[in-house]
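Fold and contact review
Read off the chains here:
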Number of protein chains: 2
Amino acid sequence: MSNHTICVTFIPGGRIALERPGTTIVEAGAHAGFVINTPCGGGGKCGKCRVRFEQDAPPPTPADGARLAPEELAQGWRLACQTRLTQDAALYVPQSSLFGGRHQIQTMGSSQRLYAPDGAIRKVMLDMTPPHMEDDAPDLLRLEHALAKALPDWDGIADVFEASPHVMRVLGSRLRETRFKGTAILQDNCLVDYLAADVSPPLYALAFDIGTTTLVGALLNMETGEELDTIAAMNPQTIYGDDVLSRIAYAGRGASALEELHISIINAVQDMAVNLCSRNAVKTDVVYHVAFAGNTTMQHLLCGFDPASLGSVPFVPLHKHGIVMKASDMGLPLHPEAKAYIFPVIGGFVGGDTVAGLLACDAAHLDTPALMVDIGTNGEIVLIHNGTLRAASTAAGPAFEGSRISCGMRATNGAIERVKANADLEFNVIGDVEPAGLCGSGLIDLCGELLKTGVIGCDGRMLVGEEIGGTVPGAIRRRMRLGENGEPECVLHESGDISITLTQRDVRELQLGAGAIRAGVNILLKQAGISPAELRQVLIAGGFGSFIRRDNAQRIGLIPAEVPHDRTRFVGNVAFSGARWAALSRQARCAAEELGNSVLHVELSHDPDFAMEFALAMQFQGG
Amino acid sequence: MSNHTICVTFIPGGRIALERPGTTIVEAGAHAGFVINTPCGGGGKCGKCRVRFEQDAPPPTPADGARLAPEELAQGWRLACQTRLTQDAALYVPQSSLFGGRHQIQTMGSSQRLYAPDGAIRKVMLDMTPPHMEDDAPDLLRLEHALAKALPDWDGIADVFEASPHVMRVLGSRLRETRFKGTAILQDNCLVDYLAADVSPPLYALAFDIGTTTLVGALLNMETGEELDTIAAMNPQTIYGDDVLSRIAYAGRGASALEELHISIINAVQDMAVNLCSRNAVKTDVVYHVAFAGNTTMQHLLCGFDPASLGSVPFVPLHKHGIVMKASDMGLPLHPEAKAYIFPVIGGFVGGDTVAGLLACDAAHLDTPALMVDIGTNGEIVLIHNGTLRAASTAAGPAFEGSRISCGMRATNGAIERVKANADLEFNVIGDVEPAGLCGSGLIDLCGELLKTGVIGCDGRMLVGEEIGGTVPGAIRRRMRLGENGEPECVLHESGDISITLTQRDVRELQLGAGAIRAGVNILLKQAGISPAELRQVLIAGGFGSFIRRDNAQRIGLIPAEVPHDRTRFVGNVAFSGARWAALSRQARCAAEELGNSVLHVELSHDPDFAMEFALAMQFQGG
């Protein structure tokens, strides 16, 4: 096995997966969020999974030769289920090779959306007769008549036409500059802009996942649905505390403290918006819509709502339904009439990110009983069974996001993201550079491997020296030592004075986080009266999700051991996917509202068994 | 006859009329905007016009004695048609003495409105159960349920409940501070405020008439409809030109010039709003609604809309329908969610003030054919006949508002407002002080009297010396002289070095203004195919309207000579009255929209006869 990571780019959409050599294209596609068609079960028998290498196609396999014509092979077509990747590749995935059913997991693929842009914002080309002596109708009336003529679905009675103050101030002169031929931009039948036809740019939207630790944003073309770019950043509110409760406590110091938190997140979002726009040569004032998904506290702080009532029993949020407000009212300078959509929430600690995730997973159509676990600083768990959606949240801590771990880091260049224990520990480092730390997936993989090897016990204790069993390879045994504080640690990498280690404390953090999630899962299963083995689908979501190994996730207890591997899917950052859909589609926003209304909120701490479950779940499942 | 002016205050409402001694209460009421019941024709026979002197009732007339009981007489009750006022008086007018039919002229009376406050903004007292373990509903949902319970007409399905960003930011803490007992303030079912029950102030509205020369504003209680106060000011845009065309030309210099005009009027409105509020101990942030009526250009500049297209053929306005926008979007700092309503317009030069006037005159129910003439810097004329409303406008110039007249001034202290030619000219001066100038009504009265006396000819020429006929009293004859520029003038008052004179040029200004209006009236009558004698009602509106004498208005040609006096009514500033109603009542705003839609705009300059009519109308009707 090599430490080398290869970069696979999928076209169209530009999604990237970082993979170890030998990974099949189907797997790499899944990591990038595509579900490639494999009706024959990946046996190379149906030929439905064809993809095309843009260059340097590997030699055809026998199955390729049997299912594809010689000219197709020459063009670079291969079967995704049979072809293993050995080097960086750019792959074209035709629509016909994408899984088309309703049960697919939608995370990122721009070509396989459940929801398409549906014209809540739309452009209408108008060619009007200028006013003259016999037709001196007011400008807005002229425009309304032209719209009624241009739009087949326009109903003059039902469709109330309005114009925003901003556009009214420039409309008279713009109409005359353009000689009454131009592009009207409508937002739900309200005229929000009028531009000359030849300067009319595409309409853009932004989508954000506002995590407690991490922020992710995307710039989207509202007409085609195309994703132009994504961006990630730390949530600057982390200086006020790692978790939501410390943020709520800080906001409780007074109106200026709340304002400080609000401004801090707004500034970060604005920076991301400006960056996304400027590096794609898009002006911020052609961004007409923005959608936000975050946990309840993050959404409150984003909107400037007082989160105080989320800080004490009975943890009451301000709102349940999604919120629509002007982006300018939030302090975001996009188009003056740009609207912001903030997802509905389910409860004090199950927020809009969970709703967005359910939206992206098409929760209403999953094979049930199904479990969705979204792992972040808070872990949100949803159990779907018998038409009921039960949702709960647990404080998983920031370990899964690489925070509060001695050598933790975000999943960027230098992060160990995968670990394999053979004769020694072997690492996959993002960017194929010298290791700089451990990201969430690396932490899970490492602990899983160390459990398997037997140098971490089921109680989470790290073994050193004589405690270590005789079957453990020497190279691994030598990595285990006592640190300066007298606690055990595992050395991952040493270079000069710098050493990267996994400490006993780090393992305890992971134990706490995984235990909290597992306890929540168990309570929900108990309340619904079903056993883990009955689960038909387990969806593991989170920013790192695509890169975790099922074995190790089960070893550390994140996934019940009884769930077969083929029922578990890592679906990536579904909250972010849901936010992107809501940014583009009115229908998606309606579906989010329905989901928000249909979910039953379970307060885990109300369950008498929770403390016991948590204590039990702290135990690793082990090798 | 005395120069003394007496002050008559009407209760309830506090309306004031300034009158000469000897005026009947019915007349004074009409001047103040009340139509007092006179079913018997004012003959003292029916007793339906009873009013009560609050103190110092004059001795009863024989008719009083015949119609009223001794104890009523003792309480101060008198018949309004019989009693002549001799000194300042406060009069209570019971609802039963007000003209109750639909044909009354509504200008100001708060006790005889066609439209009452109808709850577009409303306060709802709520008493909610605070959240607890078994009821952790989000705050907004709790509030919505409480509203649904408190409001009998609330329909959970049809009534979409929203909350403004401003209230959402404070709602959580306010609900808890008030222990969930407080006052919700709703604007069309959108929550715009939530206050502790004990600090909840009344809801207020503002109404403005935005004239080319004069601005008038009122502060209104939105719950009772009571008018607390009014205020007047010069339109500061007059420094950019007297008439709308010069303002349009100035705005055409570029975006910054337009912004300058916009800011100038907004600042003036804001000053008036702040003054009205502060002198009535009302905070500006409890003003939830504001209505504006003005001519098309004034409304455009108020909203910051480019008036360029109003400056050239075919004089196209931006909008036809009324406009609703947030007051804050106009730059007015009232309640953050306060809405501004700007009246619909009829055409480039027939604006929202005309629609507001028609609303206040209840145009849809007048005795027709009816003519309404609103005299300001622009004269707007509406002819109502056979279910059709025809509207036109003419440039009357600012003479009627006391501007561009050598000794012109607004109708405030020191202004000569009435003139009577007996052995000499006798003047009524507002405030009973030394005369300082001539206001619009004084100008009309003076020219009318001089025409009657014969020192102004029907061609408008002022006579001096030997030209003056022998029957003219010597005192008047001596007032006529040649001014320094060699042109004739009439000396009204001399005190030391200062002399107040009416110049030949002033007379020409009046001639132009009255001629323009009269020509418009004639064209509309011609187009409708009716003669002046057929008019059933002539309503003369304008800021000065209540104080003009019909004789003199006919002498200068403002009113066709064929119209009997009893068909002419001076209805005051009806545009302002209409604005006040629109500020209070959603129904009034709907009615305004209907009126705006139903009026046919007549462009006078398109009529081939206009030039000839104008030339002919320049001729005074004379003595």
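Position numbers for residues count from 1 along each chain, tracking the sequence in the order it is written. Chains and ligands are labelled sequentially in the order written, the chains with letters from A and the ligands with numbers from 1. In keeping with the model being predicted, local features are shown solely for residues with a pLDDT of at least 70 and side-chain atom pairs are shown and tallied solely at 80 or more, while totals for entire chains, interfaces and linings include all residues.

1. Notes on the interface of chain A and chain B
Which entries qualify depends on this criterion: This entry defines residue contacts through backbone-placed C-beta atoms, with two residues in contact when those atoms are within 7 Å. Segments assigned H or I by DSSP are reported as helices when at least four residues long, segments assigned E as strands when at least two residues long, and all are numbered from the N terminus. Just so you know the grouping, Ala, Val, Leu, Ile, Met, Phe, Trp, Tyr, Cys and Pro go in nonpolar, Asp, Glu, Lys and Arg go in charged, and all remaining residues, Gly too, go in polar.
Listed per partner, the contact involves 30 residues of chain A and 30 residues of chain B. Within the residue set of the side of chain A that touches chain B, elements represented by two or more residues are α4 (139–150) and α5 (165–177) of chain A. A per-element tally of the side of chain A that touches chain B places α5(A) first, with six residues. Class assignment of the residues belonging to the side of chain A that touches chain B gives a composition of 18 nonpolar, six polar and six charged.

2. What to know about the sheet that holds strand β12 (residues 227–234) of chain A
Residues and elements named next belong to chain A. What counts here: Criterion used throughout: strands pair if DSSP finds at least two bridges between them. Structural elements are reduced to axes, namely lines fitted to C-alpha atoms, with helices fitted over the stretch in contact, and the angle between N-to-C directions of any two is expressed from 0 to 180 degrees.
Across the sheet, six strands lie side by side as β12-β11-β10-β13-β15-β14; this open sheet has mixed pairing. Two strands lie at the open edges of the sheet, namely β12 and β14 (323–326), each paired on one side alone. Averaged over all pairs of adjacent strands, the angle between strand axes in this sheet comes to 20 degrees, irrespective of strand direction. Looking at chain direction, strand β10 (residues 204–210) and strand β13 (residues 287–294) are connected through seven bridges and run parallel. In the strand pairing of β13, Phe208 is matched with Phe292.

3. Considerations on the nonpolar core
Quick note on the threshold: The nonpolar core criterion groups buried Ala, Val, Leu, Ile, Met, Phe, Trp, Tyr and Cys residues into a set whenever they are joined through C-beta atoms within 7 Å. Exposure in this text rests on C-beta crowding, where 20 or more other C-beta atoms within 10 Å of a residue's own make it buried, 12 or fewer make it exposed, and counts in between make it partly exposed. The C-beta atoms are placed from the backbone.
Grouped together as the largest cluster of nonpolar side chains are 366 residues, with contacts concentrated most on A:Val290 and B:Val290. If we ignore the near neighbours within four places in the chain, the residues touching A:Val290 are A:Ala205, A:Leu206, A:Ala327, A:Leu332, A:Leu334, A:Ala338, A:Ala340 and A:Ala583.

4. Some thoughts on the packing of helix α13 (residues 504–528) of chain A against helix α17 (residues 610–617) of chain A
All names here are of chain A. Threshold: Oblique is the label for any angle not covered by the other classes, which are roughly parallel (under 35 degrees), roughly antiparallel (over 145) and roughly perpendicular (65 to 115). Should the near helix be turned anticlockwise from the far one by less than a right angle, the crossing is left-handed, and should it be turned clockwise, the crossing is right-handed.
It is the contact of α13 with α17, at a shortest axis distance of 8 Å, that shows an interaxial angle of 130 degrees. On the basis of the axis angle, α13 is oblique to α17. Crossing of α13 over α17 shows right-handed handedness. When α13 is examined against α17, the residues Gly515, Ala516, Arg518, Ala519, Asn522 and Ile523 are found in contact with a partner set consisting of Phe610, Glu613, Phe614 and Ala617. Of the residues in the contact of α13 with α17, the class split is six nonpolar, two polar and two charged.

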